[in-house]
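# Chain and residue survey
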Amino acid sequence: DVKVTQSSRYLVKRTGEKVFLECVQDMDHENMFWYRQDPGLGLRLIYFSYDVKMKEKGDIPEGYSVSREKKERFSLILESASTNQTSMYLCASSLLAGGTDTQYFGPGTRLTVL
Amino acid sequence: SQQGEEDPQALSIQEGENATMNCSYKTSINNLQWYRQNSGRGLVHLILIRSNEREKHSGRLRVTLDTSKKSSSLLITASRAADTASYFCETGLTFGKGTMLLVSP
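Here goes a summary of the coordinates provided. (Residues numbered from 1 in each chain as written. Chains lettered and ligands numbered in written order. Predicted model: local features only at pLDDT ≥ 70, side-chain atom pairs only at ≥ 80, totals over all residues. Heavy atoms only, no water.)

What follows deals with the state of the cysteines. Taken as a whole and judged by the stated rule, the model has two disulfides over all chains. Residue pairing for Cys23 of chain A: its cysteine sulfur links by disulfide to Cys91 of chain A, the two sulfurs lying 1.8 Å apart. Between Cys23 of chain A and Cys91 of chain A, the S-S dihedral sits near -75 degrees, and the bridge is therefore left-handed. Here Cys91 of chain A lies in strand S9 (residues 87-94) and Cys23 of chain A lies in strand S3 (residues 19-25), a separation of 68 residues in the sequence. A relative accessible area of 0% means that Cys91 of chain A is categorised as buried. A sulfur-sulfur separation of 2.0 Å characterises the disulfide bridge that pairs Cys23 of chain B with Cys89 of chain B. With the S-S dihedral at roughly 70 degrees, the linkage between Cys23 of chain B and Cys89 of chain B falls on the right-handed side. On the criterion of sequence distance, the pair formed by Cys23 of chain B in strand S3 (residues 19-24) and Cys89 of chain B in strand S9 (residues 85-91) is long-range, its members being 66 residues apart. As far as burial versus exposure is concerned, Cys23 of chain B and Cys89 of chain B are alike and both buried. (Disulfide = S-S within 2.5 Å. Helix = DSSP H or I, 4+ residues; strand = E, 2+ residues; numbered from the N terminus. Buried < 20%, exposed > 50% of the residue type's maximum accessible area, 1.4 Å probe, protein only.)

The next subject is the pattern of salt bridges. Residue and element names in this part refer to chain A. In this structure the tally under the stated criterion is nine salt bridges over all chains. Ionic pairing is found between Glu22 and Arg73, a salt bridge with its closest N-O pair at 3.9 Å. In this pair, Glu22 sits in strand S3 while Arg73 sits in strand S8 (residues 73-78), placing the two residues 51 residues apart along the sequence. Overall, the relative accessible area of 22% leaves Glu22 in the partly exposed class. Judged by its relative accessible area of 38%, Arg73 falls in the partly exposed class. (Salt bridge = Lys/Arg side-chain N within 4 Å of Asp/Glu carboxyl O.)

Once that is clear, we can look at the interface of chain A and chain B. Taken together, the contact between chain A and chain B spans 23 residues of the former and 19 residues of the latter. Buried area between chain A and chain B, summed over both chains or domains, comes out near 1,600 Å², and the portion from carbon and sulfur atoms is 53%. The tally of links between chain A and chain B comes to seven residue pairs in polar contact (both at pLDDT 80 or more). Ranked by residues supplied to the side of chain A that touches chain B, first place goes to strand S5 (residues 42-49) of chain A with four residues. Its residues assigned to classes, the side of chain A that touches chain B comprises 10 nonpolar, nine polar and four charged. (Contact = heavy atoms within 4.5 Å. Buried area = accessible area lost by both parts, 1.4 Å probe. Polar contact = N/O pair within 3.5 Å; in protein donor to acceptor, adjacent residues only side chain to side chain. Nonpolar A, V, L, I, M, F, W, Y, C, P; charged D, E, K, R; others polar.)

Further remarks concern the packing of aromatic side chains. The geometry of an aromatic ring pair comes down to the distance between the two centres and the angle between the two planes. Residue and element names in this part refer to chain B. For the structure on display, the rule yields eight aromatic pairs over all chains. Considering the side-chain rings of Tyr35 and Phe95, the 5.5 Å spacing of their centres and the 55 degrees angle between planes classify their relative orientation as tilted. Of the two residues, Tyr35 sits in strand S4 (residues 31-37) while Phe95 sits in strand S10 (residues 94-95), which places them 60 residues apart along the sequence. Grouping residues by exposure puts Tyr35 and Phe95 together as buried. (Phe/Tyr/Trp six-rings, centres within 6.5 Å; stacked < 30°, edge-to-face > 60°.)

Here is the structure:
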């Protein structure tokens, strides 16, 4: 079974802090994704990566950056956290190109920015 | 980007009843997928239907796809309390807002 893990289930940070959310998958998947999920808005794609050191902007990349130095690890970075980034963050991976293949999700990180 | 929209937003039924939820999208697709999310958790993949398929079954799940109407439906038969969750359709990395299903014992 594919396993996608996220570094924290719950995280509380202060406005202006730099925040790192880590995601690791153990199935040698090429593609990895970061979404945020907000009530009434569903899941929205922030960034995705189809290979090491490659990244593509999703629908809402503003205020975020990502890093993929190793195939199994995809990090989401909030350079200067703001209260409107309080959300549930979900990481996913897939073997084939996104949108054509099943995505496997981590358990999520609920981030609160005070 | 493509947009899947589920309908209804919320559905409340009794155990044993069937639950039907619908998804509409705007542009052409290669496939459409349905996911389930238990409260506060990650999403779990349920079923994928390709654009050249009209119907697909998996256990108590039945998915239909009508590309002419740009819509899909997910039917859960003989529902159980454990089916209580939110259900999302996905097309090309775009998820709908989901249908929240409550199955009461």
